[in-house]
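A structural walkthrough
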Amino acid sequence: METIKPTKRQLEFMDWEFGVFFHFGIRTYYQNHSDWDGKPMDISVFNPQRLDCDQWLQAAKAAGARYAVFTAKHHDGFANRNSAYTDYSIKNTPYKNGGGDIVKSFTDACRKFGLKVGIYYSPAQFGSRQSENYDDYFINQISELLTGYGKIDYLWFDGCGSEGHNYDTKRIIKEIRTLQPNILIFNMWDPDTRRVGNEDGYAPECNLNVTDSLDFSVMTDKKKNLKNRRFLPAECDCRIRDNWFYHEDDNLKSLDKLMDIYENSVGHGANLLLNLSPAPDGLIPDEDVKRMEGLGERIHKEFCSADFEFSSTEYECNAKISRAVICEDLTEGQRVKEFALYADGKLIFGGSTIGHKRICRFGPVYAKKIEIKTDVCANLNTSLYK
């Protein structure tokens, strides 16, 4: 069977590894509401007087994130900018007397702090908008986002609520690819990346990048079949607290829990997209900022500087080690489906796929020689840590 190879942009995406999601909008001001409950949300309350996207992106940067994604329009239809195609937007709020544009504040901050720019857009219909006109509305709003804010690296489509409409996907994708030829699209219609299948932040032990179907939405178990098998790297999205949007009583995940998520997402060959929820004043809570700083320090401490590095299948280290990071060269496609790590002939770790990066914890053990065995020949780079 022919090996399916990733594109250059997909390889770049996997190198991003860790991103931060920002859910902020009209729902931020209605903490007792939930998606699809149909309750009205008057936008006259929208006024984040202390909003500071620099603060958001500083928190992302401190954690070691390389990209960020912002909710330009969630399922409720509220536009976090002055859109010409809806009155349900910032232009009719008290925020900056209707002259605010949080999408611009976000994209400017991403570039200031050196993070790749991602835009979330929910394709879901809302309110009484007629289905036959929805594709026009959709394309008009997407065109605003893809022409008014410079280079957009990543377009994050959320499949929730999109199950009941037959979209003109060829027309939509043609417009997107024309306006932003180098953009990456998440999970829908002409995807470059895929949803891992849950919102917990965990990739499976066997994380194969080549697939013939997609997990379309958390609202359905039905998978979307692809016409052909494709190389689609997985992304694990999850929340630092209980909800996507701000809730003042939410529980903040512990540093140990976040590290466990990191090691089972990035450490299982997937990307991690961790959500932060700015409060109604427009700032990330101080406790969340400190947790992100702690996460960045922990990742840096544990995985920044390797004690030993090698690209062969055998290596003499003569040291006590406790973890290994193995990276597979995916330029020609993913090959390894089974591997084992030996210290002086004794098995210390075994797994299925390696992919972009595999984090292996064991021991600690004293080893004179480390050996890696795989089911197929593959180019690997390995880092060992004491």
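Scroll up to find the structure this text is about.
It should be emphasised that the depicted structure is a prediction, and the values quoted were computed from it without experimental measurement.

Moving on, we come to the overall build of the chain. A tally of helices and strands in the chain yields 7 helices and 16 strands. By principal-axis analysis of the C-alpha atoms, the chain measures approximately 70 × 45 × 35 Å. A buried classification covers 56% of the 386 residues belonging to the chain. Residue pairs at least 24 apart in sequence account for 73% of intrachain contacts in the chain once pairs closer than 6 positions are excluded. As displayed, the chain offers around 17000 Å² of accessible surface, 44% of which is attributable to carbon and sulfur atoms. For the chain, the distance from the average position of its 50 positive side-chain charges to the average position of its 57 negative side-chain charges is 3 Å.

What follows is about the packing of helix 2 (residues 53–63) against helix 7 (residues 286–303). Packed helix pairs are specified by the crossing angle of their axes together with the interaxial distance, meaning the distance between the axes. Following both chains from N to C, one finds helix 2 and helix 7 inclined at 25 degrees, their axes separated by 6 Å at the closest point. Compared by their axis directions, helix 2 and helix 7 come out roughly parallel. Here Gln-55, Ala-59, Ala-60, Ala-62 and Ala-63 of helix 2 lie close against helix 7, whose contacting residues are Val-289, Met-292, Glu-293, Gly-296 and Ile-299. Classifying every residue of the contact of helix 2 with helix 7 gives 7 nonpolar, 2 polar and 1 charged.

For the rest of this paragraph, the subject is the sheet that holds strand 1 (residues 18–22). Within a sheet, adjacent strands bond to each other through the backbone by hydrogen bonds, running parallel or antiparallel. One open sheet holds the 8 strands; their spatial order is 5-4-3-2-1-10-9-6, and the pairing between them is parallel. Of all strands in the sheet, those with a lone pairing partner are strand 5 (184–186) and strand 6 (194–195), marking the two edges. Pairing geometry for strand 6 and strand 9 (residues 234–239), over 2 bridges, is parallel. What sits directly across from Arg-194, in strand 9, is Ala-234. Most of the contacts of helix 1 (residues 8–16) go to strand 5, to which it runs at about 65 degrees, and overall it touches strand 1, strand 2 (67–73), strand 3 (116–121), strand 4 (154–157), strand 5, strand 9 and strand 10 (271–276).

So, on to the nonpolar core. In terms of nonpolar packing, the biggest core is built from 72 residues, with Phe-22, Trp-56, Leu-57, Ile-102, Phe-106, Phe-157 and Ile-176 touching the most fellow members. Among the elements that take part in this core, helix 4 (residues 131–147) stands out by supplying 7 residues, more than any other. The residues contacting Trp-56, other than those within four sequence positions of it, are Phe-22, Phe-24, Leu-51, Phe-70, Ile-102, Pro-278, Gly-282, Leu-283 and Ile-284. Of all hydrophobic cores here, the second largest spans 22 residues; its members include Phe-308, Ile-370, Leu-380 and Leu-384.

Moving on, we come to the pairing of strand 16 (residues 380–385). Burial analysis of strand 16 places 5 of its 6 residues in the buried class, which makes it a mostly covered element. Note that strand 12 (residues 314–328) and strand 16 share 6 bridges and pair antiparallel. The residue of strand 16 that forms the bridge with Cys-327 is Asn-381.

Next up on the list: empty space enclosed by the protein. In total, this model carries 1 cavity of 30 Å³ or more according to the counting rule given. Roughly 50 Å³ of volume is contained in the largest cavity. Lining of the largest cavity is provided by Phe-24, Gly-25, Ile-26, Arg-27, Thr-71, Lys-73, His-74, Asp-76, Phe-78, Asn-80 and Phe-245. Considered class by class, the residues forming the lining of the largest cavity number 4 nonpolar, 4 polar and 3 charged.

On to the packing of aromatic side chains, then. One pass over the full model with this rule turns up 37 aromatic pairs. Residues Tyr-134 and Tyr-167 carry aromatic rings whose centres are separated by 6.3 Å and whose planes lie at 65 degrees to one another, so their mutual orientation is edge-to-face. Note that Tyr-134 is positioned in helix 4 and Tyr-167 in the loop between strand 4 and helix 5 (169–179), a separation of 33 residues in sequence. The exposure classification of Tyr-134 matches that of Tyr-167, with both residues buried. Relative to Trp-189, the ring of Phe-138 has its centre 5.8 Å away and its plane inclined at 45 degrees; by these criteria the two rings are tilted. Linking Phe-138 in helix 4 with Trp-189 in the loop between strand 5 and strand 6, this pair joins segments that are 51 residues apart in sequence. For Trp-189, a relative accessible area of 25% puts it in the partly exposed group. Members of the aromatic cluster, connected to one another through ring pairs, are Phe-22, Phe-24, Tyr-29, Phe-46, Trp-56, Phe-70, Phe-78, Tyr-88, Tyr-95 and Phe-106. One residue, Lys-73, lies across the ring of Tyr-121, its end atom 4.8 Å from the ring centre.

Next up on the list: the pattern of salt bridges. Inspection of every chain in the model, using the stated rule, returns 24 salt bridges. The partner of Asp-190 in a salt bridge is Arg-230, with the nearest N and O atoms 3.3 Å apart. Residue Asp-190 is located in the loop between strand 5 and strand 6, and its partner Arg-230 is located in strand 8 (residues 223–231); the two are separated by 40 residues in the primary sequence. For Arg-230, a relative accessible area of 26% puts it in the partly exposed group. The closest approach of N and O atoms between Asp-288 and Arg-241, which form a salt bridge, is 2.7 Å. Separated by 47 residues along the polypeptide, Asp-288 in helix 7 and Arg-241 in the loop between strand 9 and helix 6 (255–263) bring together distant segments of the chain. Via salt bridges that share partners, Asp-256, Glu-263, Arg-298, Glu-302 and Arg-361 belong to a single interconnected network.

Once that is clear, we can look at the state of the cysteines. In the structure shown here, the tally under the stated rule is 0 disulfides. Lacking any disulfide linkage, Cys-110 is separated from the closest cysteine sulfur, that of Cys-53, by 8.3 Å. Residue Cys-110 is classed as buried on the basis of its relative accessible area of 0%. Not part of a disulfide, Cys-317 finds its nearest cysteine sulfur in Cys-360, a span of 14 Å.

Rules behind the numbers
- Residues numbered from 1 in each chain as written.
- Predicted model: local features only at pLDDT ≥ 70, side-chain atom pairs only at ≥ 80, totals over all residues.
- Heavy atoms only, no water.
- Helix = DSSP H or I, 4+ residues; strand = E, 2+ residues; numbered from the N terminus.
- Buried < 20%, exposed > 50% of the residue type's maximum accessible area, 1.4 Å probe, protein only.
- Contact = heavy atoms within 4.5 Å.
- Areas by Shrake-Rupley, 256 points an atom, 1.4 Å probe, with all protein chains shown as cover.
- Lys, Arg positive; Asp, Glu negative; His and termini not counted.
- Charge placed at Lys NZ, Arg CZ, Asp CG, Glu CD.
- Axes fitted to C-alpha atoms, helices over the stretch in contact; angles between N-to-C directions.
- Parallel < 35°, antiparallel > 145°, perpendicular 65-115°, else oblique.
- Nonpolar A, V, L, I, M, F, W, Y, C, P; charged D, E, K, R; others polar.
- Pairing = 2+ DSSP bridges.
- Core = buried A, V, L, I, M, F, W, Y, C linked by side-chain atoms within 4.5 Å.
- 1 Å grid on protein atoms, 1.4 Å probe; cavity = no way out; pocket = protein on both sides within 12 Å on 5 of 7 lines; lining within 4 Å.
- Points joined across faces, edges and corners; volume = space filled by probe spheres on them.
- Phe/Tyr/Trp six-rings, centres within 6.5 Å; stacked < 30°, edge-to-face > 60°.
- Lys NZ or Arg CZ within 6 Å of the ring centre and 35° of its normal.
- Salt bridge = Lys/Arg side-chain N within 4 Å of Asp/Glu carboxyl O.
- Disulfide = S-S within 2.5 Å.

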